[in-house]
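Structural overview
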Amino acid sequence: MNDPAANWQSIRELFRVFLGNDVAFRKFIQTCNTKSRESGRLTYAQEERWNSFTNANPEFKSLTFEEVVAAFHVCHIHLKPLRSVEVPIRKDVVSVSRTRESEAQISQAAFYAIPFVVDSPAWGEATHLSVDHCEDCVRRRKQIETGHDHPTAATTGVNPRGRQE
Ligand SMILES: [Zn+2]
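My aim in this report is to walk through the structure given alongside it, one point at a time. Throughout, residues of each chain are indexed from 1 in the direction in which the sequence is written. In keeping with the model being predicted, local features are shown solely for residues with a pLDDT of at least 70 and side-chain atom pairs are shown and tallied solely at 80 or more, while totals for entire chains, interfaces and linings include all residues.

Comments concerning the environment of Thr43
To qualify as a helix, a DSSP run of H or I must reach at least 4 residues; to qualify as a strand, a run of E must reach at least 2; elements of each kind are numbered from the N terminus. Relative to the helices and strands, Thr43 resides in the loop between helix H2 (22–39) and helix H3 (44–56). Here Thr43 falls in the partly exposed class, since 14 other C-beta atoms lie within 10 Å of it. Two residues form a contact once the distance between their C-beta atoms, set from the backbone, is within 7 Å. Excluding anything up to four places from it in sequence, Thr43 contacts Thr31, Lys35 and Ser36. Three classes are used. A residue is buried when 20 or more other C-beta atoms lie within 10 Å of its own, exposed when 12 or fewer do, and partly exposed in between, with C-beta atoms placed from the backbone.

This is the structure we're talking about:
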């Protein structure tokens, strides 16, 4: 229990076996990395799952919310640890349009690989934002965008600031 990463990995394994459902396991992870981190709490559905797990494994009942999200801070697609990366805010871009296929492909295969953030008043003076990256997602995204597996997958264009305002 001295190495937190090993500890987190064993919690994930126990939880995955407990759920007995790979889809639910990955969904739990994805929600941890998105909604839960934004709201600072587990969702109702997550709480139900986590509580039934800790009822069966009381040694994990004392974990705080921060520890639970740290334990599940892995890519829900590749199950690799996520690392925080500073990505630039593109002040000249307010939205990105892609084909529906490439949008779907990126979110299903390379969810944690955003190359930059589009501008928003919410960022204020910031020039970079900290986002989660998975090295396998980054690799997949490059393959998708260079069209190795899908001819329509390339980014079709960015909308310069003001074009649609
Ligand atoms: Zn990944």
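Description of the nonpolar core
Joining buried Ala, Val, Leu, Ile, Met, Phe, Trp, Tyr and Cys residues through C-beta atoms within 7 Å gives a set, and that set is a nonpolar core. Core analysis: the biggest nonpolar cluster contains 22 residues, and Ile29, Phe72, Cys75, Ala110, Tyr112, Cys134 and Cys137 have the highest contact counts within it. Listed by contribution, the elements that provide at least two residues to this core are helix H1 (4–19), H2, helix H4 (65–71) and helix H6 (135–145). Among the domains, domain 1 (4–71) and domain 2 (83–160) are the pair contributing at least three residues each to this core. Domain delimitation in this document rests on an assignment produced automatically or drawn from a domain database.

Quick look at the pairing of strand E1 (residues 83–90)
Taken across its eight residues, E1 has zero buried, putting it largely on the surface. Strands qualify as paired when DSSP identifies two bridges or more between them. In the sheet, E1 pairs with strand E3 (residues 117–118) via two bridges, with the strands oriented parallel. In the strand pairing of E3, Arg90 is matched with Val118.

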